[in-house]
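# Structural description and commentary
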Amino acid sequence: MHPILCGLAANPALSPELVDRLTAMADDDIATHLAYRADLSRAQAVALAGRVEESAVHLAYEGRLTAADIDPSVRPDAALALLDQGAGRPEWARLLAADPVLERREKLAACPGLPSDVVDTLSVDRDVRVVAELAAAATSDVAARLAAHPHAEVRRAVAGNEATPPAVLAALVTGEGLPAARRCLVCDCHEPPFVHDPQCPRLDCDLSPGASCDGTHESAVHGVREAALRNPATPVEAVVGFVDHPSTLLRWALATREDLPGPACAQLASDPIAGVRADLAAHPGLDDALLRALAGDRDPDVRRNLAHHPRVPLDVLTHLARTAKIGSSLLPRIAAASPAEVEELAVSPEPAARMLVAQRRDLPPEIRNRLADDPDAKVVKALAPHPGLTEAQLRAMVDRHGVRVLAKVATNPDASPALLEDLVQHKPVVQKMFREVARHRSATASALLVCLTDNRARPVAAGHPAVPPPVLVELLADPEWQVVEAAAANPSLPPAVMWDLLRHREGMSRGGADSPPGLPAGG
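Residues numbered from 1 in each chain as written. Predicted model: local features only at pLDDT ≥ 70, side-chain atom pairs only at ≥ 80, totals over all residues. Heavy atoms only, no water.

### Digging into the overall build of the protein chain
A count of helices and strands for the protein chain gives 35 helices and two strands. Structurally, the protein chain occupies a C-alpha span of about 75 × 70 × 40 Å along its principal axes. For the protein chain, the share of sequence-separated contacts (at least 6 apart) that also reach a separation of at least 24 residues comes to 47%. In the structure as shown, the protein chain presents an accessible area of about 24000 Å², 55% of it carried by carbon and sulfur atoms. Taking the average place of the 53 positive charges on the side chains of the protein chain and the average place of its 69 negative ones, the gap between the two points comes to 4 Å. (Helix = DSSP H or I, 4+ residues; strand = E, 2+ residues; numbered from the N terminus. Contact = heavy atoms within 4.5 Å. Areas by Shrake-Rupley, 256 points an atom, 1.4 Å probe, with all protein chains shown as cover. Lys, Arg positive; Asp, Glu negative; His and termini not counted. Charge placed at Lys NZ, Arg CZ, Asp CG, Glu CD.)

### A look at the packing of helix H12 (residues 152-160) against helix H15 (residues 218-230)
Two elements in contact, H12 and H15, have axes separated by 7 Å at closest approach and are oriented at 10 degrees. Of the possible angle classes, the one that applies to H12 and H15 is roughly parallel. Taken together, the residues of H15 that come into contact with H12 (itself represented by Ala152, Arg155, Arg156, Ala159 and Gly160) are Ala220, Gly223, Val224, Ala227 and Ala228. Residues that form the contact of H12 with H15 fall into these classes: six nonpolar, two polar and two charged. (Axes fitted to C-alpha atoms, helices over the stretch in contact; angles between N-to-C directions. Parallel < 35°, antiparallel > 145°, perpendicular 65-115°, else oblique. Nonpolar A, V, L, I, M, F, W, Y, C, P; charged D, E, K, R; others polar.)

### Description of the side chain of histidine 426
Mapping histidine 426 onto the fold places it in the loop between helix H29 (417-423) and helix H30 (431-438). Separated by 3.0 Å, the side chain of histidine 426 and the backbone oxygen of proline 428 make a polar contact. (Polar contact = N/O pair within 3.5 Å; in protein donor to acceptor, adjacent residues only side chain to side chain.)

### Quick notes on helix H2 (residues 16-25)
Given 3.6 residues per turn, any residue in an α-helix points the same way as the ones three and four places further on. Listed as buried for H2 are Leu18, Val19, Leu22, Thr23 and Met25. Across the axial projection of H2, the buried residues extend over an arc of 165 degrees, all falling on one side. Relative to its buried face, H2 has exposed residues pointing more than 90 degrees away, namely Pro16 and Ala24. (Buried < 20%, exposed > 50% of the residue type's maximum accessible area, 1.4 Å probe, protein only. Arc of directions from axis to C-beta.)

### As for the pattern of salt bridges
According to the stated counting rule, one finds 30 salt bridges in the structure shown. The shortest N-O distance in the salt bridge between arginine 322 and glutamate 350 comes to 3.3 Å. Placement of the pair is arginine 322 in helix H21 (residues 314-323) and glutamate 350 in the loop between helix H23 (339-346) and helix H24 (351-358), with a sequence separation of 28 residues. Judged by its relative accessible area of 24%, glutamate 350 falls in the partly exposed class. Each of Asp77, Asp99 and Arg104 takes part in a single network of salt bridges with overlapping partners. (Salt bridge = Lys/Arg side-chain N within 4 Å of Asp/Glu carboxyl O.)

### Describing the nonpolar core
If you look at the biggest cluster of nonpolar residues, it comprises 164 residues, and the most contacted ones within it are Leu8, Leu22, Leu108, Met397 and Met433. If near-sequence neighbours (up to four positions away) are discounted, methionine 397 is found in contact with Ala372, Val380, Leu383, Ala384, Leu389, Gly402, Val405 and Val409. Core analysis: the second largest hydrophobic core is formed by nine residues, Ala152, Ala181, Val186 and Cys205 among them. (Core = buried A, V, L, I, M, F, W, Y, C linked by side-chain atoms within 4.5 Å.)

### Section: unusual backbone geometry
Residue proline 428 is reached from lysine 427 by a cis peptide bond, and omega for that bond is -5 degrees. Positionally, proline 428 belongs in the loop between H29 and H30.

### Digging into the packing of H2 against helix H4 (residues 42-51)
Packing of H2 against H4 leaves a shortest axis separation of 9 Å and a crossing angle of 15 degrees. Comparing their axes, H4 and H2 come out roughly parallel. In the crossing of H2 with H4, the sense of the turn from one axis to the other is left-handed. Only Gln44, Ala47, Leu48 and Arg51 of H4 make contact with H2, whose side of the interface consists of Pro16, Val19, Asp20, Thr23, Ala24 and Met25. Looking at the contact of H2 with H4 residue by residue, the class counts come to six nonpolar, two polar and two charged. (Left-handed = near helix turned anticlockwise from the far one by under 90°.)

### Side note on H15
Compared with the 18 Å implied by 1.5 Å per residue over 13 residues, the 19 Å span of H15 between its first and last C-alpha is a close match. Those residues of H15 lying buried are Ala220, Gly223, Val224, Glu226, Ala227, Ala228 and Leu229. Buried residues in H15 make contact with H12, helix H13 (166-174) and helix H16 (248-255). (Expected span 1.5 Å × (residues − 1).)

### Considering the confidence of the model for the protein chain
When pLDDT is averaged across the protein chain, the result is 93; 97% of the residues are at 70 or more. A low-confidence stretch, residues 512-518 (pLDDT under 50), is modelled with ten contacts involving residues beyond four sequence positions or located in other chains. (pLDDT = per-residue confidence, 0-100.)

### A few points about the environment of valine 357
By the secondary structure assignment, valine 357 is in helix H24. The spacing of valine 357 and isoleucine 273 is 84 residues in sequence and 33 Å in space, taken between C-alpha atoms.

### Considerations on the environment of aspartate 27
Position of aspartate 27 among the secondary structure elements: in the loop between H2 and helix H3 (28-35). For aspartate 27, a relative accessible area of 27% translates into the label partly exposed. The spacing of aspartate 27 and glycine 296 is 269 residues in sequence and 56 Å in space, taken between C-alpha atoms. Beyond its immediate stretch of four places on either side in the chain, aspartate 27 contacts His2 and Val52.

Below, the structure written as structure tokens:
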């Protein structure tokens, strides 16, 4: 890896001439950075694709390459990328359907809009993984046909395909109307009866832990049902009977369905498995009674998921804010709160309620200013990034609450350069605050020099355009490659230095030795 060259490849200030010279020496790492450049011309994209195959795939997905730029016999993976976007040519699909590399046929099988003859070829591929990939992305008619495939792995892919007709999905759940599967992944490899050791030491073994087959392909049939239960296109009347099934995985799959009727939801709300209850807590159709019942669940994941429910009652949400670790994100119910509810939460005697509403970034000025003076540090910490706060308000927050709000104040988009300079001098220090200042658009050179003394903030600060050019040149010799790459990618790096770095690397490639004066020996 060449951190200086990778950084230069990502530098937005790099001239077209230097992009060309980097392309001529690119390896996989450098090409990855070049391929993400927004200013890459079509000619440069074609040149880069011609040098590094992996970059051709990315460039194809980004629309930088067209069918006219790709020879599928030379760049098959790039051709697959265009086919995956519906921008390839039908004859490519016919060529790649016979590719000896399994992974390419699998990738092809997942592409949309394949010619019918290619679909027919892939549906009888010698490797069941290709057929399963085709089944997972197939159109309705092809999926219906593959539902009767003799291999259970193909049926499982059909069961997970939302384009599969509902009647076919129901049949996959019950098994009625379909011939029994004749093969599965287990009996492909082992003579039944066989149970796969959950602690299997073989590194080349693809079987799931505990997979088994006694001749009826029981674990594979179970997988088909699980996929169908998770599929929202499967008729709900075909799946509700599994609400008390002894299989945890089937009940768990059922809990993820948004169309589950109330009685089934009520039964799953008392399921002995916490994961089932946690997934159910996100169900959009839960009534008020179930929402309140789940709020008292002893499992933290259940309460956390319930807090993100869009219709959870505000009083329940306030209770959850006190008892569940719900993070610092804006919750859907708070984002949808009416102006009256926002006012109610902002004046609540409960700090948890005020903290919830303080996460919004569109508060009316009078509510925002009131919360800025809140006596509770958690409320102020939640509000500190809110736009529109004055420098005086932000300084007052730091004066009252100190290290508890320091990092969040540093994220405020209106924090002034002077305030940021003062924050990095605060005692005691808060390490996270240095990283926030280092990425702030208003950070000054003096603030960034302090941030560079913190190990975790140093790579962030090295990429800030306000770092003085002489400091950037010094950072190119830093022992940490992340710092070197960030400095090389900094648009404030002088163009003359960029040229010297590339000339030095070209000289080394031709057998040169020493680095130019003032520049690092590595890179």
